[in-house]
Amino acid sequence: MISISELRKNTLFSGVKVSELRRILPTLRQEYYPRSAEICREGEPGSCIYIILSGQVKLTMTENARTETLAYLNAGDFFGEASVLSNEPRTVTAEVVIDAEILLLGQQHFYDLVERDPTVMHNIIRTVDRRLRRRTLGMFHQQPKQSQIVAVYSPKRIAVKTFVAVNLAVSLSKQTEQSIVILDMTMSSPNVAETLALSVQSTIGEDDITEEQVKQVLIQVNAGVTLFPMPSELLRAGKISREQIAGILSILKTLFQYIVINTSTEISNNTFEALDLSDKVVLLSPIGEEPPVGMFDHQDLIPVYYFLPDAPQTDAHLTESAPLILPPGRIAEQRFYEQGEIIVLENPLSDESDTISRIARHVADMRIGVALGGMAARCLSHIGVLKVLEEHHIPIDMIAGSNAGAIIGALYAFGMKVADIEQFALDFKRHLPLVSIRDFSPFGGGLLSQRRIMTLLTEYLPEKLTFHSLKIPLRIITMTLDVGQKLALNSGSLFNGIEASLAIPGIFPPVKYDGKFLVDGSIINPVPISDLLEMGADILVGVSSFAPLTPSYTPPPLHYQNLVGYADNLKIVDIIIRSFQNLQYEISTAKAMIADLTIAPELIGYSWSDFSKAEGIITAGKKAAEQALPELINVINNHKIYSKL
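Since this is a predicted model, take the numbers as computed values, not measurements.

A.B. asks: Mind showing me how you'd approach helix 14 (residues 351-363) here?
C.D. replies: Structurally, the α-helix is built with 3.6 residues per turn, so residues lying three or four positions apart point the same way. When the terminal C-alpha atoms of helix 14 are compared, their 19 Å separation across 13 residues agrees well with the 18 Å that a helix rising 1.5 Å per residue should span. Along helix 14, 11 of the 13 residues are buried, which leaves the element largely enclosed by surrounding structure. Residues Glu352, Ser353, Thr355, Ile356, Ser357, Arg358, Ile359, Ala360, Arg361, His362 and Val363 constitute the buried set of helix 14. Following helix 14 by one or two positions, aspartate 365 adopts a phi angle in the positive range, close to 55°.

This is the structure we're talking about:
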């Protein structure tokens, strides 16, 4: 039974006389709506006002065949007043986000209440005014992020799940600087409180729970994270209902930005109810087994793989580029359970911390993607850009590269430090010329062979390396020779992909890859920012080392010496590349408009063949990145608070 005090918490009844609330209380009808249920639909007749007791409701409307989200409403809000006041059809669709308990106030009873106490109408006017101002501001400003519910789940009984849940919550706190709570649904020992040596002072019972009770149960964890322990004995006995879980989540969403649910290792209705109410699920699966994605429908899934003890360390079934894999070994996990050590705090540079930090950025919609575009020696400027990002601890979650940008991207995605990549570039001098008259091969589909370049690369990358063996997801941009379409490679042989990306038409022969003949994709997508979008990046950073045409160096023989020796008959290479250069510059400038930030090093005075001037080109990239750094930090900070536009 709803009490008068609960009614007064709703903005519709704020300041209304108690006598009138007693009169209206018996006329209210209480309804329960599960997640994804439609309470009302746009265009339908409306004869009641909806009063939210618990849960969360999303209001949307259709405009020009496009569905627009207007607002998320929580306990204490109301909606549906427009149709009741105007006798017109509903103007919005209301969909349940978290299971909601709703009171329905009929039209005639509403009219009677307004006639006896006009305070209700004043409350409606204030609420409508506030919503209109928020919507108007939303047309010109970014919208704050909505609270997220993230469940950590494994279909197997594994201890690593709690280790991931706690470290994920702490990593989220560090990276987003937002409020985080762990909802611990562990049924067996040790639970989160026991592991972290926290004292549980209060807990919940079988009855409905209020915000005051929730606040009494909360336990402050170090590192800016709070814990809400569920009573394991009630969970085991099945005495916690879906309605209670939904009610707790709806209250926590008003208090915290992110709710990390540590689901139980035991199969129970409560586990599946928590998963159903979640926005995202970190799905833990052993290496060698496909994750059970079919059991989910609406959640954003984040598959994470782990190694079973004494199981063969195979990754043959993995096809995606650089999947999220927890490193083998149990030292960090053992210290967590024995000493309460949180790895992302104690050793933030460890492989475990790196994987969990990547998960956290996925959860927070803060994944940074970098597109490396350019041709030949000019791409060495990418090293300077990466150097600045590394020095300022700005993580890269995915890379897309074209032409020589694919080489720089592959080295970084493989796990090489920028200092080592820089040394690799500076060592080019002892390998020059990279191609010479001995590589002249006009009957192979191009003027020159890439044999020497690819042999050099084997000194730094394993020749049999595949995309999924990388530490960072990578796409290499190529073009199919038959129909001239872009083909982004992210699986199979990494070396074949690099070779195809370097295959400048007319200079190097096409590369046969999976039954297709491929060439350099920078011709049609010089700075592949659009591929970062397809990969799921939230923050798009383009690095363009293209530039408009400038006069060639003189005397010409010195210009060609670095790349092709003294063979004057190979000057045709320069003619072919310069014919592409302006087109690539124009295309890259146009496509870079979708990036959050484009870094364009000043490379006037450097040609595509100036590998001997690597130091100056790298410095140009470093200088451009340092100038762009404040803007990039601002973009990252905005993503901590605001939704993607």
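A.B. asks: Explanation requested: the packing of helix 15 (residues 381-391) against helix 16 (residues 404-414) in the structure shown.
C.D. replies: Between two packed helices, both the angle of their axes relative to each other and the distance between the axes serve to describe the pair. Helix 16 packs onto helix 15 with a crossing angle of 30° between their chain directions and a minimal axis gap of 10 Å. In terms of axis orientation, helix 15 runs roughly parallel to helix 16. Like other packed secondary-structure pairs, helix 15 and helix 16 cross with a definite hand, here right-handed. Contact residues: His382, Ile383, Leu386 and Glu390 in helix 15; Gly405, Ile408 and Tyr412 in helix 16. Partitioned by chemical class, the residues of the contact of helix 15 with helix 16 number 4 nonpolar, 2 polar and 1 charged.

A.B. asks: I tried to follow a nonpolar patch on the surface on my own but got confused; where do I start?
C.D. replies: A contiguous nonpolar surface patch, about 280 Å² in accessible area, is contributed by Ile267, Phe272 and Met295. Note on placement: isoleucine 267 falls in the loop between strand 11 (258-262) and helix 11 (269-276).

A.B. asks: Sorry, what's going on with a negative patch on the surface here?
C.D. replies: Residues Glu6, Glu206, Asp207, Asp208 and Glu243 make up a contiguous surface patch of negative charge. Counting through the fold element by element, glutamate 206 comes out in the loop between helix 7 (192-195) and helix 8 (211-217). A relative accessible area of 46% means that glutamate 206 is categorised as partly exposed.

A.B. asks: Help me understand the packing of aromatic side chains in this model?
C.D. replies: Both the distance between ring centres and the angle between the ring planes are used here to describe each pair of aromatic rings. The final tally for this structure, using the stated rule, is 6 aromatic pairs. A centroid spacing of 6.0 Å and a plane angle of 50° characterise the contact between phenylalanine 110 and tyrosine 111, whose relative ring orientation is tilted. Judged by its relative accessible area of 30%, tyrosine 111 is partly exposed. Between tyrosine 153 and phenylalanine 296 the ring centres are 6.3 Å apart and the planes differ by 75°, which places this aromatic pair in the edge-to-face class. Of the two residues, tyrosine 153 sits in strand 7 (residues 148-153) while phenylalanine 296 sits in the loop between strand 12 (280-286) and strand 13 (300-306), which places them 143 residues apart along the sequence. Positioned over the ring face of phenylalanine 78 is arginine 131, at 5.4 Å from the centre of the ring.

A.B. asks: What is the right way to read the sheet that holds strand 11 from this model?
C.D. replies: Strand pairing in a sheet takes place through backbone hydrogen bonds and is either antiparallel or parallel in direction. With mixed pairing, the 8 strands of this open sheet are ordered in space as 9-10-8-11-7-12-13-14. Only two strands of the sheet have a single neighbouring strand rather than two, namely strand 9 (219-221) and strand 14 (324-325). Against the sheet, helix 11 engages strand 7, strand 11 and strand 12, with an angle of about 140° to strand 7.

A.B. asks: It is not clear to me how the side chain of threonine 162 should be interpreted in this structure. Could you clarify?
C.D. replies: Assignment of secondary structure puts threonine 162 in helix 6 (residues 160-176). We classify threonine 162 as buried; its relative accessible area is 5%. Residues in contact with threonine 162, not counting those within four places in the same chain, are Thr186, Val192, Asn262, Phe336 and Tyr337.

What counts, and where the lines are drawn
- Residues numbered from 1 in each chain as written.
- Predicted model: local features only at pLDDT ≥ 70, side-chain atom pairs only at ≥ 80, totals over all residues.
- Heavy atoms only, no water.
- Helix = DSSP H or I, 4+ residues; strand = E, 2+ residues; numbered from the N terminus.
- Expected span 1.5 Å × (residues − 1).
- Buried < 20%, exposed > 50% of the residue type's maximum accessible area, 1.4 Å probe, protein only.
- Axes fitted to C-alpha atoms, helices over the stretch in contact; angles between N-to-C directions.
- Parallel < 35°, antiparallel > 145°, perpendicular 65-115°, else oblique.
- Left-handed = near helix turned anticlockwise from the far one by under 90°.
- Contact = heavy atoms within 4.5 Å.
- Nonpolar A, V, L, I, M, F, W, Y, C, P; charged D, E, K, R; others polar.
- Patch = residues over 30% accessible without salt bridge, like charges linked within 9 Å, V, L, I, M, F, W, Y side chains within 5 Å.
- Areas by Shrake-Rupley, 256 points an atom, 1.4 Å probe, with all protein chains shown as cover.
- Salt bridge = Lys/Arg side-chain N within 4 Å of Asp/Glu carboxyl O.
- Lys, Arg positive; Asp, Glu negative; His and termini not counted.
- Charge placed at Lys NZ, Arg CZ, Asp CG, Glu CD.
- Phe/Tyr/Trp six-rings, centres within 6.5 Å; stacked < 30°, edge-to-face > 60°.
- Lys NZ or Arg CZ within 6 Å of the ring centre and 35° of its normal.
- Pairing = 2+ DSSP bridges.

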